[in-house]
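Here is how the chains run, residue by residue.
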Amino acid sequence: MSPFSPQVKSVESFQRDIEPAIIAARNELVTAENFMAYKNGYSIDHYTRDNNTLYAFHSRMFFFTELDTDHIRDTYNKHLLPLGFELSEKRWTSNGVEIVNFLWVNDEYQAVVSSTTRVGEQTGTHYYTQDTPSDGSTGNPPQMIDQPGRIPDWFDPNLPPAGQG
């Protein structure tokens, strides 16, 4: 663990301990039938702060047609609250469209799961970590652990990202 933030779990621990639950929830919500588009890919970036190497995990953002915000909240809650995540919810109107944003935050892993619904239009969801150390367990922290379901079976990697098709 990094002396910079000893209470924060590693990027490898996030992938082993937390990411499978996030993937399970997301894959319950985002399906081949309701998938619309995606943005970005998966990455682990590294940077130095106070002579410590830290990592930031970023997931792909999926856009989909599920607009039932109660269902979205309940699905993520079922998977994430038992793992120590806390939910915050914000609602507002933009250009006449109601926006509902859920953030599930886990301080121990510096992890955030985000779901934003433009009611009547679409939902976007992604997850990330920030300022996480490495525990050295993989030998190459920027290399992702192979995670079943991270890329859903139905997902076509040949599809262009949103805004590039």
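Residues numbered from 1 in each chain as written. Predicted model: local features only at pLDDT ≥ 70, side-chain atom pairs only at ≥ 80, totals over all residues. Heavy atoms only, no water.

A closer look at the environment of Ala 56
Tracing the backbone shows Ala 56 in strand 3 (residues 52–58). On the accessibility criterion, Ala 56 (6% relative accessible area) is buried. Put simply, Ala 56 and Glu 66 are 10 residues apart on the chain and 28 Å apart in space, counted from C-alpha to C-alpha. In contact with Ala 56, other than residues within four places in its own chain, are Ser 43, Ile 44, Asp 45, Tyr 47, Thr 129, Gln 130 and Thr 132. (Helix = DSSP H or I, 4+ residues; strand = E, 2+ residues; numbered from the N terminus. Buried < 20%, exposed > 50% of the residue type's maximum accessible area, 1.4 Å probe, protein only. Contact = heavy atoms within 4.5 Å.)

Details of helix 2 (residues 69–80)
Taking 1.5 Å as the rise per residue, helix 2 with 12 residues should run 16 Å; its terminal C-alpha atoms sit 16 Å apart, in good agreement. Contacts from the buried residues of helix 2 go to helix 1 (11–29), strand 5 (86–94), strand 6 (97–106), strand 7 (111–118) and strand 8 (122–129). Its side-chain oxygen at 3.1 Å from the backbone nitrogen of Asp 70, Asp 68 defines the N-terminal cap of helix 2. (Expected span 1.5 Å × (residues − 1). Polar contact = N/O pair within 3.5 Å; in protein donor to acceptor, adjacent residues only side chain to side chain.)

Comments concerning the side chain of Asn 34
By the element assignment, Asn 34 lies in the loop between helix 1 and strand 1 (35–39). At 2.7 Å, the side chain of Asn 34 and the backbone oxygen of Leu 29 are in polar contact. Of note is the side chain of Asn 34, whose polar atom sits 2.8 Å from the backbone nitrogen of Thr 31. Excluding anything up to four places from it in sequence, Asn 34 contacts Leu 29, Phe 63, Phe 64, Thr 65 and Glu 66.

Quick look at the pairing of strand 8
The sheet contact formed by strand 4 (residues 61–64) and strand 8 spans 3 bridges and is antiparallel. Across the sheet, Phe 64 pairs through a bridge with Thr 123, a residue of strand 8. As judged from the 8 bridges shared by strand 7 and strand 8, these two strands associate in the antiparallel manner. What sits directly across from Arg 118, in strand 8, is Gln 122. (Pairing = 2+ DSSP bridges.)

Concerning the pattern of salt bridges
Close approach of charged atoms allows side chains of opposite charge to pair. Counted by the stated rule, this structure contains 10 salt bridges. Between Arg 91 and Glu 89 there is a salt bridge, with its nearest N and O atoms 2.6 Å apart. Classification of Glu 89 by relative accessible area gives partly exposed; the value is 36%. Residues joined in a network through salt bridges with shared partners are Asp 70, Arg 73 and Asp 74. (Salt bridge = Lys/Arg side-chain N within 4 Å of Asp/Glu carboxyl O.)

Quick notes on the confidence of the model for the protein
Per-residue pLDDT for the protein has a mean of 93; in total, 95% of the residues score no lower than 70. This stretch, residues 1–5, has a pLDDT under 50; its non-local contacts, to residues over four places away or in other chains, come to 16 contacts. (pLDDT = per-residue confidence, 0-100.)

Thoughts on the packing of aromatic side chains
Both the distance between ring centres and the angle between the ring planes are used here to describe each pair of aromatic rings. All chains considered together, the criterion is met by 12 aromatic pairs. Taken together, a centroid distance of 6.1 Å and an interplanar angle of 70° make the contact between Phe 35 and Phe 62 edge-to-face. A residue pair is termed long-range when its members are at least 10 positions apart, and Phe 35 in strand 1 and Phe 62 in strand 4 qualify at 27 residues. The burial state of Phe 35 is the same as that of Phe 62; both residues are buried. Judged by centre distance (4.7 Å) and plane angle (45°), the rings of Tyr 76 and Trp 104 are tilted. With a gap of 28 residues between them, Tyr 76 in helix 2 and Trp 104 in strand 6 connect regions that are remote in the sequence. (Phe/Tyr/Trp six-rings, centres within 6.5 Å; stacked < 30°, edge-to-face > 60°.)

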